Amino acid sequence: MAELHTPSLLLESAIYLGAAVLAVPIFRRIGLGSVLGYLFAGVIIGPWVLGLVADTETVMHFSEFGVVMMLFLIGLEIEPDKLLELRLPIFGMGGLQVIATGGIVFGLGVAFNLDWRLALVAGMGVAMSSTAIAMQILSEQGALNRPAGRSAFSVLLFQDLAVIPLMVLLLVIAPGAHTSNGVHMDWLAILKAVSLIVLLVLGGKYLLRPVLRYVANTGLREIFIAFALFLIIGVSILMTLVGLSMALGAFIAGVMLADSEYRQELELDIEPFKGLLLGLFFISVGMSVNLDMVMQQPWLILGLAGAFVAFKLLLLFGLAKGFKLQNGDSMMFALTLSQVGEFAFVIFSAAVDAEVISYEHSALLNSVVALSMVTTPLLLLAFNVAYRKRLNSRRKHATHDEFDEERPVIVAGFGRVGQIITRLLTGVGVVPTVIEHDPNQIEFMRSFGYHPYYGDITRPDVLRAAGIARAKLLILAIDDAQEALETARYVRKHYPEVKILARARNRTYAFDYMDLEIDAVRETFLGAVHLGEKALQEMGYSPFQAYRTAWKFRQHDEKMMRDIHPIHADMQKVVSHSVRTRQDLAHTLEQEMNSPVSGHHNTAWEGDTKPS
Amino acid sequence: MANKVLLVFAHPAFESSRINRALLKAATACEGVHVHDLYAHYPEQMIEIKHEQALVDQHDIVVFQHPMFWYSCPALLKNWLDSVLSYGWAYGDNVGKLQGKSWVHAISTGGSDSVYQRRGYNQFSLAELLRPFEQSARLCAMQYLQPFLTQSVDTLSDERLQEQAQEYAAWLQKLVNDELPPEVDSLQSEQAEYLAPQIEKGIA
């Protein structure tokens, strides 16, 4: 009955997908995040619990491609100029991080009388962080473009670069390796690597776009996707050939296409592949946790994983502070990079191949690494709870987020009003600085990809930090009408050259803004007029007639606002004025009804119309 | 006595019109000319009739500056004519509000003078194409004056455009000083120079 045998690939795919579909939504629902869901699914279907899938290593190699695609997508978001700006964090922070982490672990290992080779390999592995986990977390938190995110990304990039020398180092320390041979290989490898990167940059700049245009012009979407995948896989293969990390190659390819017209299309096409493969990768990490071994030496493995993570947290936090990040950002930075990354697996298996460490040691270390990866989503959870608590408690205190850059437009408030304004402005490429004081609202909008800053706009220091001095426009969209008005007064007085647009709660506030000569919009007025217009249509008005009538009404009302303005403090006068003008309005609208366009109810077109 | 000139300007994409920007800039600097940008004033394209009629009331000459769109004016200007020139105000029995005022166009065209000729590329001369305006002015008992033309705008050099803008300013100044261009009456003066049939110009 061989023909009825289900191909194992299909069977395994079904198991992976099924496990993910079962676990991930539940984990998200209870607030543990998707990464933990995948990891958990992996542990359950892995060889140590249900044993549904045997071949974890192949899956892991295959799914590492998710990381490669993620780096390609990240590259697409970073134009070459921006990358140059990141030189210092990449080589400064990244370099220090790798050398310090590796060195200290090595030193401790030697101090504890371990074999120096084992200590060195462990140090190299521990120095690495997981690009997959860190980037997934940063993008879920909307922190990619914040100081913490950029620094974390720079460090990850350096780690990718550090792969070559570390692999060479492995060969050099391998017992029985000829040192001269190793050094010789070293130079050749570096030469190859550098020339491939130069080739990639040149090819990306001059060759890729014409080819993409040609492919796009075929109009076949699947061919475009096929080419995108081919490009990423092709670059990755080239990179492995010279011993570089595949992710680095994909990243460079992405950067070279960042300012091309196909950026968005590429992002949309690759995104689902990346998501699936990344999920698969997390599952395979979960599967590689050797539960048997953990059960045998639970304290050693848990202790080591805990110690590595705690040690990395401390070191990274110190590093971030050294590079002048704020406390909150430093915590975020340390947390995202605190796990030992997938590259450690590669280093350990290479070390086993080179007989630098034993298989048992490698299995032990692998379990420690996998466990350390599980800690990150948990730590993040704790961090978010604590962070939100602190934000809530300090609402009325002097703190605010650090602002990344000064932008010409500042939107204060990211509720119902601020969101619409921001969407409109962002739609035409005018990205405003958005400030919101409700942490829950910030959290919520981040899940939609917006990045409002935390801060209380009524505070002068927050205004200053947001760049009010160089802003062109301040849009007051906060809910508290009184606070908005006071902010407007303050800004009008201290920054008279900043144009202010305000959301006015009602007429009274509209008058207050008119006193200040600030352009204000009554927040419910246009919506109500629009509803009235629809009501007219329901009552038999034609659409244009209804629109015209509503427009007339608007003109009337706005004129009335101007007329009442000087007397608005005197309630009696206001009442008598509005009674009077109500009749005017009825009259105007009636006229409107009867004379649509230059009046067809006359006989002027019959002739004999010479004016006297 | 100086004439008060109302310049009613209509261009839906003013920000990208090189010609009309230059012309309008020159006009804005002219004393006695009130520039009224319709698309800027009415982005929703709804016209406040009373406001516009009051404006016309206060002026002696109305200049309509606009590009030629489909052998006519842009939609908002047509809308303006439709709604502002209302029965009982601009025309009708015993109405003389506009009598004696002047109506004149300042028009830019992509094509050159030669394509706006009888049997030319556009089959009709500009004067013929503008006849709906001419008759409208007549119905309102206004004088309809010979238009100010800026043609072949796509090939106009920057220097030539500057000269044209200066000429426009001078032309407007003359309106203010009551040195009016000739009145057009197609019925009487088919031979008026700018609408001469092509045969007379010797173009086969």
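One can find the structure itself at the top, above this paragraph.
Cut-offs applied
Residues numbered from 1 in each chain as written. Chains lettered and ligands numbered in written order. Predicted model: local features only at pLDDT ≥ 70, side-chain atom pairs only at ≥ 80, totals over all residues. Pairing = 2+ DSSP bridges. Helix = DSSP H or I, 4+ residues; strand = E, 2+ residues; numbered from the N terminus. Right-handed = clockwise from strand over helix to strand, strands pointing away. Axes fitted to C-alpha atoms, helices over the stretch in contact; angles between N-to-C directions. Parallel < 35°, antiparallel > 145°, perpendicular 65-115°, else oblique. Left-handed = near helix turned anticlockwise from the far one by under 90°. Contact = placed C-beta atoms within 7 Å. Nonpolar A, V, L, I, M, F, W, Y, C, P; charged D, E, K, R; others polar. Buried ≥ 20, exposed ≤ 12 C-beta atoms within 10 Å, placed from the backbone. Expected span 1.5 Å × (residues − 1). Arc of directions from axis to C-beta.

Enquirer: Just checking my understanding: could you explain the pairing of strand E4 (residues 473–476) of chain A for this structure?
Expert: It is a general feature of regular strands that their side chains alternate between the two faces of the sheet. Residues and elements named next belong to chain A. As paired strands, strand E1 (residues 409–412) and E4 are joined by four bridges and run parallel to one another. The residue bridging Ile410 from the neighbouring strand is Leu474, located in E4. As paired strands, E4 and strand E5 (residues 499–504) are joined by four bridges and run parallel to one another. Residue pairing across strands places Ile475 opposite Leu501, the latter belonging to E5. The parallel pair E4 and E5, bridged by helix H22 (residues 481–494), forms a crossover whose chirality is right-handed.

Enquirer: How should I be thinking about the packing of helix H11 (residues 221–241) of chain A against helix H12 (residues 246–256) of chain A in this particular structure?
Expert: Residue and element names in this part refer to chain A. For the pair H11 and H12, the least separation of the axes is 8 Å and the interaxial angle reads 130°. With respect to H12, the axis of H11 lies oblique. Considering only the axes of H11 and H12, their crossing is right-handed. Judged by residue contacts, Leu231, Ile232, Val235, Ser236, Leu238, Met239 and Thr240 of H11 engage Met246, Leu248, Gly249, Ala250 and Ala253 from H12. Here the residues of the contact of H11 with H12 are counted per class, giving nine nonpolar, three polar and no charged.

Enquirer: Just checking my understanding: could you explain unusual backbone geometry for this structure?
Expert: Trans is the prevailing form of peptide bonds, just as negative phi is the prevailing case for residues other than glycine. Of note, Arg119 of chain B is a non-glycine position whose phi angle comes to about 65°, a positive value. Residue Arg119 of chain B is classed as partly exposed on the basis of its C-beta count, with 13 C-beta atoms lying within 10 Å.

Enquirer: Please explain the sheet that holds strand E2 (residues 433–436) of chain A as it appears in this structure.
Expert: Strands sit in the order E3-E2-E1-E4-E5-E6 (chain A) across an open sheet of six strands; the sheet is parallel. The sheet terminates laterally at strand E3 (453–454) and strand E6 (519–522) of chain A, the two strands that pair on one side only.

Enquirer: So what exactly am I meant to see when it comes to H11 of chain A here?
Expert: Two residues of an α-helix separated by three or four positions point the same way, owing to the 3.6 residues in each turn. All names here are of chain A. Between its first and last C-alpha, H11 extends 30 Å over 21 residues, near the 30 Å set by a 1.5 Å rise per residue. Among all positions of H11, only Phe227, Ala228, Leu231, Ile232, Val235, Ser236 and Met239 are buried. All buried residues of H11 fall inside an arc of 160° around its axis, so they share one side. Pointing more than 90 degrees away from the buried face of H11 are the exposed residues Glu222, Phe230, Ile237, Thr240 and Leu241.

Enquirer: Explain the pairing of E2 of chain A to me, please; I cannot follow it from the model alone.
Expert: Residue and element names in this part refer to chain A. Neither face of E2 is left uncovered, since the one carrying Thr433 and Ile435 and the one carrying Val434 and Glu436 both have all their residues buried. For E1 and E2, the ladder comprises three bridges, and the chain directions are parallel. When the bridges of E2 are listed, Ala412 appears paired with Ile435. Each parallel crossover has a hand, and for E1 linked through helix H19 (residues 416–427) to E2 it is right-handed. Regarding topology, helix H20 (residues 439–446) serves as the crossover connection from E2 to the parallel E3, and that connection is right-handed.

Enquirer: Help me understand the packing of helix H24 (residues 525–538) of chain A against helix H25 (residues 543–564) of chain A in this model?
Expert: Relative orientation and spacing of two packed helices are given, respectively, by the angle between their axes and the distance between those axes. Residue and element names in this part refer to chain A. Relative orientation of the contacting elements H24 and H25 amounts to 145°, with a least axis distance of 9 Å. H24 and H25 meet at a crossing whose hand is right-handed. Facing Val529, Gly532, Glu533, Leu536 and Gln537 of H24, the residues of H25 in contact are Pro543, Ala546, Tyr547, Thr549, Ala550, Phe553 and Arg554. Across the contact of H24 with H25, the residue classes tally to seven nonpolar, three polar and two charged.

Enquirer: What should I look at first to understand the environment of Thr487 of chain A in this one?
Expert: Residue and element names in this part refer to chain A. Tracing the sequence through the fold places Thr487 in helix H22. As a C-alpha pair, Thr487 and Leu463 span 24 residues in sequence and 9.3 Å in three-dimensional space. Contact partners of Thr487, with chain neighbours within four places excluded, come to Ala412, Ile457, Thr458 and Leu476.

Coordinates in, geometry out; function isn't part of it.
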